[in-house]
Amino acid sequence: MTPSDPTFPTRRAARAEAERRATAAIPIPEPEPGRRRSTFEQPAPEAGHSAREERVAEELTGTRGAEQTPTPDPLSRRALREKPRAALGAALGAPLLRRRLAVAVAGVVVVAACAIAVGFAASGGGQDAAGPANAAGPDAVASVQGPPAVPDEGLPVPTLAAAPAAATPCDNPAFTAALAAKDDGAAIAAAGGGAAFRDAVASGIAPCVSLNDPTHQWVVVNKQRPYDPVDWRPDDLVMPDGVRALEQSAMRSSAAKALTTLVRAADDAGAGEIGYLSAFRSYATQQETYAGRVAVGGVAAADRESARAGFSEHQSGLAVDIVPCSGSCGSLDDVAGSSQGAWVREHAWEYGFVIRYVDGQESVSGYEPEAWHLRYIGPELAQAYHDGGYTTLEAFFNLPAAPGY
Ligand SMILES: [Zn+2]
């Protein structure tokens, strides 16, 4: 092939067109004024504009790596158009570019082969080729196409597989082992902490965690979520040490220890003594409690203040109704206005408790505010609850509201 070859302009044009198409289909990321994206801020792949494609374009235009001297993108685009081969060489590691380069090369080979055949036939040589070539005549040259047809929208862009699903703690042997051992603290630690545990459960990627299981501190009991079995009762009930109990009412051992620590801390902080009236209540006890409320105010009033048997947090052994004490102890209704109540609002989460029923959340929790009703969920989850600004366990775990039965 020499410049004097009559087919040379055609081949050159075809090759140029092939290379133009191979490179023009690569989108160039628009520059962000005053800020360049770091390698840690790759956006999620979008249809028709994959992250890989963007990386290739960045390599071609020299924009990859904000640390290097930035080249204005308009210049980069020009450089891309004017030096496609150099740019392509720099990106030989990219499969996408290799594919496009192969398409371009294949096109050139087709052009060259056709041109040779046409030239050979025109010179009169080759009986086999003469027939069809001559039959086609000059149109054969005109009909020679360069590279295979490339749609206007560019070559198909390989789509990346969907982002892998977020890791679930249920695939973590340390997590499942802790779950099986009923070591809730270890399970939460294995999941990456309280917030990570909450995120996994609330987003639905942790099916091995049951919020119905009352053996765990994350159980959620409300008017839509009864115990199963309905008369379930914990097997590790103990009386909290050093806490004034107005009834002989126990708690699960983890919650009892935490209550002891909380009460001491409140006293040390000068908030005053905290006692409690009622903690664990069995299914049978709750039947009596609820029936007593119904007898006084009717079903509607009772349901706003007291749970039906099988639906009470007190049956979990993780809930306690505190009272303020100063010499003698006050009532539940005294908590909200007491120094003990104020301290608990600020600090209960530090000891693993949340105030389960707060003002303005009756439509979610199903109960009027109860400044006295503390629910133990463990220090890790209580911190996530506090830090996240949650006011109901339903919202915390992304559960439906439970305003009624
Ligand atoms: Zn209560």
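Since the structure is predicted, the reported quantities are computational estimates derived from the model, not experimental observations. The residue numbering used here restarts from 1 in each chain and proceeds along that chain's sequence as written. Local features in a predicted model are, by the rule used here, given only for residues with pLDDT of at least 70; side-chain atom pairs are given and counted only at 80 or more, and totals for whole chains, interfaces and linings are based on all residues.

Participant: Talk me through unusual backbone geometry; I want residue IDs and the actual numbers.
Facilitator: Of note, the amide linkage connecting Asp 228 to Pro 229 takes the cis form, showing an omega dihedral of 0°. The backbone phi angle of Lys 182 is positive, close to 60°, even though this residue is not glycine. Helix numbers and strand numbers start at the N terminus; a helix is a DSSP run of H or I with at least 4 residues, a strand a run of E with at least 2. Within the secondary structure, Lys 182 sits in the loop between helix H8 (173–180) and helix H9 (184–190). On the neighbour-count criterion, Lys 182 (13 C-beta atoms within 10 Å) is partly exposed. A positive phi angle is found at Asn 398, which is not glycine, with a value near 60°. Its place among the elements puts Asn 398 in the segment after helix H16 (393–396). Residue burial is a threshold on neighbouring C-beta atoms within 10 Å of the residue's own C-beta, all placed from the backbone, with 20 or more meaning buried, 12 or fewer meaning exposed, and counts in between meaning partly exposed.

Participant: Account for the pairing of strand S6 (residues 353–357), with residues named and values stated.
Facilitator: With 5 of 5 residues buried, S6 is to be regarded as a mostly interior element. If DSSP finds at least two bridges between two strands, the strands pair. Strand direction decides the pairing type here: S6 and strand S7 (residues 370–376), joined by 4 bridges, are antiparallel. Pairing of Phe 353 across the sheet is with Tyr 376, part of S7.

Participant: Lay out the environment of Ser 306 in plain terms, naming residues and giving numbers.
Facilitator: The topology assignment puts Ser 306 in the loop between helix H12 (283–305) and strand S4 (319–326). As for Ser 306 and Thr 289, which are separated by 17 residues in sequence, their C-alpha atoms are 7.7 Å apart. Non-local contacts of Ser 306, meaning those with residues more than four positions away in its chain, are made with Thr 289, Tyr 290 and Arg 293. The contact rule is simple: place each C-beta atom from the backbone, and if two of them lie within 7 Å, those residues are in contact.

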